[in-house]
Amino acid sequence: QLQLQESGPGLVKPSETLSLTCTVSGGSISSSSYYWGWIRQPPGKGLEWIGSIYYSGSTYYNPSLKSRVTISVDTSKNQFSLKLSSVTAADTAVYYCARHRSITMIVVVILDAFDIWGQGTMVTVSS
Amino acid sequence: QSALTQPASVSGSPGQSITISCTGTSSDVGSYNLVSWYQQHPGKAPKLMIYEVSKRPSGVFNRFSGSKSGNTASLTISGLQAEDEADYYCCSYAGSSTPVVFGGGTKLTVL
(Lines give C-alpha, C1' and ligand atoms only; values in the text may rest on other atoms or scores of the structure.)
Protein backbone atom coordinates (compact mmCIF):
# COMPACT_ATOMS: atom_id res chain seq x y z
CA GLN A 1 0.00 0.00 0.00
CA LEU A 2 1.46 3.30 -1.10
CA GLN A 3 2.35 5.71 1.67
CA LEU A 4 3.82 9.20 1.73
CA GLN A 5 5.73 10.77 4.62
CA GLU A 6 6.84 14.37 4.94
CA SER A 7 10.00 15.29 6.81
CA GLY A 8 11.93 18.45 7.55
CA PRO A 9 12.44 21.22 10.12
CA GLY A 10 9.39 22.35 12.04
CA LEU A 11 10.77 25.84 12.60
CA VAL A 12 12.24 28.17 9.99
CA LYS A 13 13.47 31.74 10.49
CA PRO A 14 11.98 34.60 8.45
CA SER A 15 13.79 35.27 5.15
CA GLU A 16 15.31 31.78 5.16
CA THR A 17 14.43 28.80 2.96
CA LEU A 18 11.92 26.17 3.98
CA SER A 19 12.98 22.67 2.88
CA LEU A 20 10.83 19.55 3.08
CA THR A 21 11.13 16.04 1.69
CA CYS A 22 8.41 13.53 0.91
CA THR A 23 9.38 9.85 0.97
CA VAL A 24 7.22 7.47 -1.04
CA SER A 25 7.01 3.86 0.19
CA GLY A 26 5.09 0.84 -1.04
CA GLY A 27 5.38 1.90 -4.67
CA SER A 28 7.57 3.64 -7.20
CA ILE A 29 7.72 7.39 -7.68
CA SER A 30 8.52 6.62 -11.33
CA SER A 31 4.99 5.43 -12.05
CA SER A 32 3.42 6.83 -15.19
CA SER A 33 0.10 8.67 -14.85
CA TYR A 34 1.09 10.29 -11.58
CA TYR A 35 2.65 13.56 -10.62
CA TRP A 36 3.66 14.26 -7.01
CA GLY A 37 2.41 17.37 -5.32
CA TRP A 38 2.77 19.72 -2.39
CA ILE A 39 -0.23 21.37 -0.74
CA ARG A 40 -0.27 23.57 2.35
CA GLN A 41 -2.85 24.68 4.89
CA PRO A 42 -2.32 27.68 7.18
CA PRO A 43 -3.78 27.25 10.67
CA GLY A 44 -7.57 27.50 10.53
CA LYS A 45 -7.59 28.13 6.79
CA GLY A 46 -8.13 26.25 3.55
CA LEU A 47 -5.94 24.23 1.22
CA GLU A 48 -3.48 25.85 -1.19
CA TRP A 49 -1.73 23.95 -3.96
CA ILE A 50 1.98 24.74 -4.17
CA GLY A 51 3.15 22.67 -7.11
CA SER A 52 3.58 19.20 -8.61
CA ILE A 53 6.39 17.23 -10.26
CA TYR A 54 6.67 14.21 -12.56
CA TYR A 55 9.44 11.66 -12.09
CA SER A 56 11.12 13.03 -15.19
CA GLY A 57 11.42 16.42 -13.49
CA SER A 58 8.59 18.19 -15.30
CA THR A 59 6.94 20.66 -12.95
CA TYR A 60 3.84 22.78 -12.53
CA TYR A 61 3.73 25.58 -9.95
CA ASN A 62 1.09 27.81 -8.42
CA PRO A 63 1.71 31.18 -10.12
CA SER A 64 1.29 33.00 -6.81
CA LEU A 65 4.26 31.10 -5.33
CA LYS A 66 6.28 30.29 -8.43
CA SER A 67 9.00 32.88 -7.86
CA ARG A 68 9.89 31.32 -4.48
CA VAL A 69 9.27 27.61 -5.07
CA THR A 70 11.46 24.81 -6.33
CA ILE A 71 10.26 21.20 -6.40
CA SER A 72 12.72 18.44 -7.27
CA VAL A 73 12.67 14.66 -7.47
CA ASP A 74 15.19 11.95 -6.59
CA THR A 75 14.02 8.70 -8.14
CA SER A 76 16.93 6.73 -6.64
CA LYS A 77 15.61 7.54 -3.15
CA ASN A 78 11.92 7.51 -4.13
CA GLN A 79 11.64 11.05 -2.79
CA PHE A 80 10.58 14.48 -3.93
CA SER A 81 11.36 17.75 -2.22
CA LEU A 82 10.07 21.28 -1.73
CA LYS A 83 12.10 24.43 -1.26
CA LEU A 84 10.34 27.71 -0.48
CA SER A 85 12.59 30.73 -0.25
CA SER A 86 12.31 34.05 1.58
CA VAL A 87 9.69 32.77 3.97
CA THR A 88 7.54 34.99 6.17
CA ALA A 89 5.00 34.31 8.89
CA ALA A 90 2.40 33.92 6.14
CA ASP A 91 4.14 30.69 5.11
CA THR A 92 3.37 29.09 8.48
CA ALA A 93 1.21 26.08 7.65
CA VAL A 94 0.79 22.35 7.64
CA TYR A 95 2.53 21.09 4.51
CA TYR A 96 1.19 17.97 2.82
CA CYS A 97 2.65 15.88 0.05
CA ALA A 98 0.31 13.87 -2.14
CA ARG A 99 0.14 11.67 -5.21
CA HIS A 100 -1.38 13.63 -8.06
CA ARG A 101 -3.27 11.75 -10.76
CA SER A 102 -2.58 12.98 -14.26
CA ILE A 103 -3.98 12.42 -17.74
CA THR A 104 -1.76 12.77 -20.79
CA MET A 105 -3.52 13.66 -24.04
CA ILE A 106 -0.90 13.51 -26.78
CA VAL A 107 1.41 16.29 -25.52
CA VAL A 108 -0.94 17.94 -23.06
CA VAL A 109 -0.78 16.95 -19.41
CA ILE A 110 -3.93 17.45 -17.38
CA LEU A 111 -3.71 17.25 -13.61
CA ASP A 112 -6.53 15.41 -11.89
CA ALA A 113 -7.08 14.59 -8.22
CA PHE A 114 -4.79 14.08 -5.24
CA ASP A 115 -5.58 10.49 -4.35
CA ILE A 116 -3.07 9.62 -1.61
CA TRP A 117 -1.86 12.09 1.01
CA GLY A 118 0.87 12.17 3.59
CA GLN A 119 -0.05 12.94 7.18
CA GLY A 120 1.30 16.48 6.93
CA THR A 121 3.99 18.35 8.78
CA MET A 122 3.62 21.66 10.61
CA VAL A 123 6.14 24.34 9.69
CA THR A 124 6.30 27.53 11.72
CA VAL A 125 8.12 30.61 10.47
CA SER A 126 9.40 32.55 13.44
CA SER A 127 12.60 34.07 14.75
CA GLN B 1 -9.75 34.70 -1.77
CA SER B 2 -10.17 31.18 -3.13
CA ALA B 3 -10.65 30.56 -6.82
CA LEU B 4 -13.68 28.33 -6.24
CA THR B 5 -16.57 29.48 -4.04
CA GLN B 6 -18.09 27.20 -1.42
CA PRO B 7 -20.55 27.98 1.37
CA ALA B 8 -18.76 28.41 4.67
CA SER B 9 -21.02 25.98 6.44
CA VAL B 10 -23.89 23.56 5.96
CA SER B 11 -25.72 21.39 8.43
CA GLY B 12 -28.11 18.50 8.51
CA SER B 13 -29.62 15.92 10.80
CA PRO B 14 -28.68 12.25 10.81
CA GLY B 15 -30.33 10.41 7.95
CA GLN B 16 -30.93 13.54 5.92
CA SER B 17 -29.21 14.56 2.68
CA ILE B 18 -27.14 17.69 2.18
CA THR B 19 -25.53 19.27 -0.84
CA ILE B 20 -22.39 21.40 -0.91
CA SER B 21 -21.91 23.65 -3.92
CA CYS B 22 -18.66 24.68 -5.55
CA THR B 23 -18.89 27.57 -7.99
CA GLY B 24 -16.12 28.36 -10.42
CA THR B 25 -15.93 29.87 -13.87
CA SER B 26 -15.90 28.82 -17.49
CA SER B 27 -12.10 28.57 -17.18
CA ASP B 28 -12.13 25.83 -14.56
CA VAL B 29 -15.24 23.96 -13.38
CA GLY B 30 -17.19 24.86 -16.50
CA SER B 31 -14.54 23.67 -18.94
CA TYR B 32 -13.32 20.40 -17.47
CA ASN B 33 -14.88 17.33 -15.89
CA LEU B 34 -11.99 17.34 -13.42
CA VAL B 35 -13.60 18.37 -10.15
CA SER B 36 -12.57 16.51 -7.03
CA TRP B 37 -13.84 16.63 -3.46
CA TYR B 38 -11.92 16.06 -0.22
CA GLN B 39 -13.06 15.34 3.32
CA GLN B 40 -10.92 16.56 6.19
CA HIS B 41 -11.47 15.73 9.84
CA PRO B 42 -9.79 17.95 12.45
CA GLY B 43 -6.07 17.34 12.67
CA LYS B 44 -6.11 14.86 9.80
CA ALA B 45 -4.99 14.89 6.20
CA PRO B 46 -7.61 15.41 3.49
CA LYS B 47 -9.14 12.29 1.96
CA LEU B 48 -10.26 12.02 -1.66
CA MET B 49 -14.01 11.36 -1.81
CA ILE B 50 -14.92 12.17 -5.42
CA TYR B 51 -12.83 12.68 -8.56
CA GLU B 52 -13.63 13.59 -12.16
CA VAL B 53 -16.93 15.13 -10.99
CA SER B 54 -18.73 11.95 -10.00
CA LYS B 55 -16.34 9.01 -9.62
CA ARG B 56 -15.81 7.43 -6.22
CA PRO B 57 -12.44 5.94 -5.22
CA SER B 58 -12.49 2.42 -3.89
CA GLY B 59 -13.62 2.37 -0.28
CA VAL B 60 -15.73 5.53 -0.38
CA PHE B 61 -19.33 4.88 0.49
CA ASN B 62 -21.96 5.39 -2.19
CA ARG B 63 -23.69 7.84 0.15
CA PHE B 64 -21.27 10.34 -1.37
CA SER B 65 -22.02 11.50 -4.90
CA GLY B 66 -20.90 14.31 -7.17
CA SER B 67 -22.38 16.22 -10.07
CA LYS B 68 -21.83 19.32 -12.16
CA SER B 69 -23.98 21.83 -13.98
CA GLY B 70 -22.35 24.64 -15.87
CA ASN B 71 -19.79 26.37 -13.66
CA THR B 72 -21.06 24.78 -10.44
CA ALA B 73 -20.15 21.38 -9.05
CA SER B 74 -21.94 19.75 -6.15
CA LEU B 75 -21.23 17.13 -3.52
CA THR B 76 -24.25 15.35 -2.08
CA ILE B 77 -24.12 13.25 1.05
CA SER B 78 -27.17 11.13 1.66
CA GLY B 79 -28.11 9.33 4.86
CA LEU B 80 -25.99 11.70 6.95
CA GLN B 81 -24.02 10.10 9.74
CA ALA B 82 -22.21 11.64 12.67
CA GLU B 83 -18.83 10.67 11.22
CA ASP B 84 -19.55 12.77 8.11
CA GLU B 85 -19.03 15.90 10.21
CA ALA B 86 -15.88 17.41 8.71
CA ASP B 87 -14.57 20.08 6.38
CA TYR B 88 -15.08 19.51 2.66
CA TYR B 89 -13.02 21.06 -0.12
CA CYS B 90 -13.60 21.10 -3.84
CA CYS B 91 -10.81 21.32 -6.39
CA SER B 92 -10.70 21.75 -10.15
CA TYR B 93 -8.25 21.66 -13.02
CA ALA B 94 -8.04 25.16 -14.46
CA GLY B 95 -5.76 24.94 -17.48
CA SER B 96 -2.04 24.66 -17.96
CA SER B 97 -1.11 28.04 -16.48
CA THR B 98 -2.89 27.47 -13.15
CA PRO B 99 -3.59 23.74 -13.14
CA VAL B 100 -5.05 23.42 -9.65
CA VAL B 101 -7.56 25.59 -7.81
CA PHE B 102 -9.21 24.81 -4.48
CA GLY B 103 -12.40 26.04 -2.93
CA GLY B 104 -12.32 27.75 0.44
CA GLY B 105 -13.88 24.79 2.21
CA THR B 106 -17.25 24.02 3.82
CA LYS B 107 -17.75 22.94 7.39
CA LEU B 108 -20.43 20.27 7.65
CA THR B 109 -22.18 19.98 10.99
CA VAL B 110 -24.32 16.95 11.73
CA LEU B 111 -26.95 18.15 14.20
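Chains are numbered independently. Their residues run from 1 in the order of the written sequence. All chains are assigned letters beginning with A, and all ligands numbers beginning with 1, in the order in which they are written. Local features are withheld for residues below a pLDDT of 70 in this predicted model, meaning they are given only at 70 or higher, and side-chain atom pairs are given and counted only at 80 or more; totals for whole chains, interfaces and linings count all residues. To obtain the side-chain values, all non-hydrogen atoms of the structure were included, while hydrogens and water were left out.

> Quick one: what's the story with the sheet that holds strand E3 (residues 18-25) of chain A, residue by residue and with numbers?
Residues and elements named next belong to chain A. Strands pair, by our definition, only if DSSP identifies at least two bridges between them. Only runs of H or I of at least four residues qualify as helices and only runs of E of at least two qualify as strands under DSSP, and these elements are numbered from the N terminus. Read across the sheet, 4 strands follow the order E1-E3-E8-E7 without closing on themselves; strand pairing throughout is antiparallel. In this open sheet, the two strands that pair with only one neighbour each are strand E1 (3-7) and strand E7 (69-74). For this sheet, the mean inter-axis angle between neighbouring strands, taken without regard to orientation, is 20 degrees. In the sheet, E1 pairs with E3 via 5 bridges, with the strands oriented antiparallel. The partner of Gln3 across the bridge, within E3, is Ser25. Lines are fitted to the C-alpha atoms to define the axes, a helix being fitted only along its stretch in contact, and any angle between axes, read from their N-to-C directions, falls within 0 to 180 degrees.

> Report on the interface of chain B and chain A, specifying residues and quantitative values.
Tallying the contact residues gives 20 residues for chain B and 24 residues for chain A. Each of two parts loses accessible area, computed with a 1.4 Å probe, when they are put together; buried area is these two losses added. Carbon and sulfur atoms supply 67% of the area that chain B and chain A bury against each other, a total of about 1700 Å² over both sides. Summed over the three residues of chain B that lose the most area to chain A, namely Pro46(B), Val100(B) and Phe102(B), the buried surface amounts to 28% of that side. Salt bridge, as used here: a side-chain nitrogen of Lys or Arg that lies within 4 Å of a carboxyl oxygen of Asp or Glu. One can count 1 salt bridge joining chain B with chain A. In this structure, the salt-bridge partner of Arg101(A) is Glu52(B), at a minimum N-O distance of 3.5 Å. Each polar contact in these results corresponds to two N or O atoms within 3.5 Å; when the atoms are within protein, one needs to be able to donate a hydrogen and the other to accept it, and residues that are neighboring in sequence are counted only if both atoms are side-chain atoms. Along the contact surface separating chain B from chain A lie 6 residue pairs in polar contact (both at pLDDT 80 or more). Residue assignment for the side of chain B that touches chain A shows that the elements contributing at least two residues are strand E3 (35-40), strand E7 (86-93) and strand E8 (100-102) of chain B. The classification used treats Ala, Val, Leu, Ile, Met, Phe, Trp, Tyr, Cys and Pro as nonpolar, Asp, Glu, Lys and Arg as charged, and all other residues, Gly among them, as polar. Here the residues of the side of chain B that touches chain A sort into 12 nonpolar, 6 polar and 2 charged. Contacts were defined at the residue level, with two residues in contact if any of their heavy atoms lie within 4.5 Å.

Interpretation in functional terms is not warranted from these geometric data alone.
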